[in-house]
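# Examining the three-dimensional arrangement
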Amino acid sequence: MIATDEIERRVEKADAEKSARRTAAAREVGELARRRVALAEQLADVERKLGSVLAAAADVISLDELAEFTDVPAADLTTWLAAGKPRPRRGRPPGSRRPKPDAHPAPVPASASPATSPGQPATASPDPNISSQRS
């Protein structure tokens, strides 16, 4: 039978190998994610600049002409042009909103008589002196 010390040593060795692989994977994923964020920021900046250039040149050259001259698809040029323009504000300007209606309706007064459906007799007589009798 194997000694307890040997079991502990084997488990620690297996854990150390797994831990080293886990650490290496986490490091690589972290580094690649940081690079991806940096590249995405650079790409967004280039697209904004393209949009600005396209907007500034709109009075002298059309997107179709640019697509023809540069072999860049017109759809891409249109997307970049939209990225270079400032986005319109959404919603209403401050102070122009109407007040919200009350979320809870006003309570019905207790003295209101219950409504009956057409064709159904009232269950109680409004005058206590009148009793219901059958003839």
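The following paragraphs examine the structure supplied in this document. Bear in mind the structure is a predicted one, so any value in this text is a computation, not a measurement. (Residues numbered from 1 in each chain as written. Predicted model: local features only at pLDDT ≥ 70, side-chain atom pairs only at ≥ 80, totals over all residues. Heavy atoms only, no water.)

## Regarding the overall build of the protein chain
Short version of the rule: Per the convention used, a helix needs a DSSP run of H or I reaching at least four residues, while a strand needs a run of E reaching at least two, with both numbered from the N terminus.
Scanning the protein chain from terminus to terminus reveals three helices and zero strands. When the elements of the protein chain are put in sequence order from the N terminus, they spell out α-α-α.

## Considerations on a negative patch on the surface
To keep it simple, the criterion reads: Two distance rules govern patches: like charges are joined within 9 Å, and nonpolar side chains (Val, Leu, Ile, Met, Phe, Trp, Tyr) within 5 Å, applied only to residues with over 30% relative accessible area and no salt bridge. In short, Shrake-Rupley with a 1.4 Å probe defines the accessible areas, and a residue's cover is counted only from the protein chains shown. Throughout this description, the term salt bridge denotes a Lys or Arg side-chain nitrogen within 4 Å of a carboxyl oxygen of Asp or Glu. Note on charges: Lys and Arg go in the positive column, Asp and Glu in the negative column, and His and the chain ends are not counted at all. To locate a charge, the coordinates of NZ of Lys, CZ of Arg, CG of Asp or CD of Glu are taken.
On the surface, Asp-5, Glu-8, Glu-12 and Asp-15 cluster together to form a negatively charged patch. If you trace the backbone, Asp-5 turns up in helix α1 (residues 4-57).

## Thoughts on helix α3 (residues 74-84)
Spelled out, the test is: Accessible area is worked out with a 1.4 Å probe on protein chains only. A residue is then buried under 20% of its type maximum, exposed over 50%, and partly exposed in between. The reported arc concerns the directions from the helix axis to the C-beta atoms and nothing else. Contacts are assigned to residue pairs that have any heavy atoms within 4.5 Å of one another.
Listed in full, the buried residues belonging to α3 are Leu-77, Trp-80 and Leu-81. All buried residues of α3 project into a common sector of 105 degrees when viewed along the axis, lining one side. In this structure, α3 carries Ala-75, Thr-79 and Ala-82 as exposed residues pointing more than 90 degrees from its buried face. Buried residues belonging to α3 abut α1 and α2 (63-70).

## Let's talk about α1
Definition in use: Take the residue count of a helix, subtract one, and multiply by 1.5 Å to get its expected span.
Between its first and last C-alpha, α1 extends 79 Å over 54 residues, near the 80 Å set by a 1.5 Å rise per residue. Turning to α1, its buried residues number three or more, namely Gly-51, Leu-54 and Ala-57.

## Concerning a nonpolar patch on the surface
On the surface, Ile-2, Ile-7 and Val-11 cluster together into a nonpolar patch covering about 230 Å² of accessible area. Tracing the chain through its elements places Val-11 in helix α1.

## Focus on the pattern of salt bridges
Two side chains of opposite charge can pair, provided their charged atoms sit close to one another. All chains considered together, the criterion is met by five salt bridges. Between Glu-6 and Arg-10 there is a salt bridge whose closest N-O contact spans 3.0 Å. Taken as a pair, Glu-6 and Arg-10 lie in helix α1 at a separation of four residues, close to a single helical turn. Glu-6 gets classed as partly exposed once you look at its relative accessible area, which sits at 24%. On the basis of relative accessible area, Arg-10 is assigned to the partly exposed category, the value being 49%.

## Some remarks on the packing of α2 against α3
As a reminder of what qualifies: In this analysis, axes come from line fits to C-alpha atoms, helices being fitted only over the stretch in contact, and the angle between any two N-to-C directions falls in the range 0 to 180 degrees. An angle counts as roughly parallel when it lies under 35 degrees, as roughly antiparallel when it exceeds 145, as roughly perpendicular when it falls between 65 and 115, and as oblique in every other case. Helix crossings fall into two classes, left-handed where the near helix is turned counterclockwise from the far one by less than a right angle and right-handed where it is turned clockwise. Think of it as three bins: nonpolar holds Ala, Val, Leu, Ile, Met, Phe, Trp, Tyr, Cys and Pro, charged holds Asp, Glu, Lys and Arg, and polar takes everything else, Gly as well.
It is at 9 Å that the axes of α2 and α3 come closest, and there the two elements cross at 125 degrees. Viewed along their axes, α2 and α3 adopt a mutual orientation that is oblique. Where α2 crosses over α3, the two elements pack in a sense that is right-handed. Where α2 abuts α3, its residues Leu-63, Asp-64, Leu-66 and Ala-67 lie against Ala-74, Leu-77, Thr-78 and Leu-81. Tallied by class, residues from the contact of α2 with α3 come to six nonpolar, one polar and one charged.

## Observations regarding the packing of α1 against α3
Viewed as axis vectors pointing N to C, α1 and α3 meet at an angle of 95 degrees, and their least axial separation amounts to 7 Å. One way to sum up the angle between α1 and α3 is to call them roughly perpendicular. Residues Glu-47, Arg-48, Leu-50, Gly-51, Ser-52, Leu-54 and Ala-55 of α1 pack against Leu-77, Trp-80, Leu-81, Ala-83 and Gly-84 of α3. Looking at side-chain class alone, the contact of α1 with α3 contains seven nonpolar, three polar and two charged residues.

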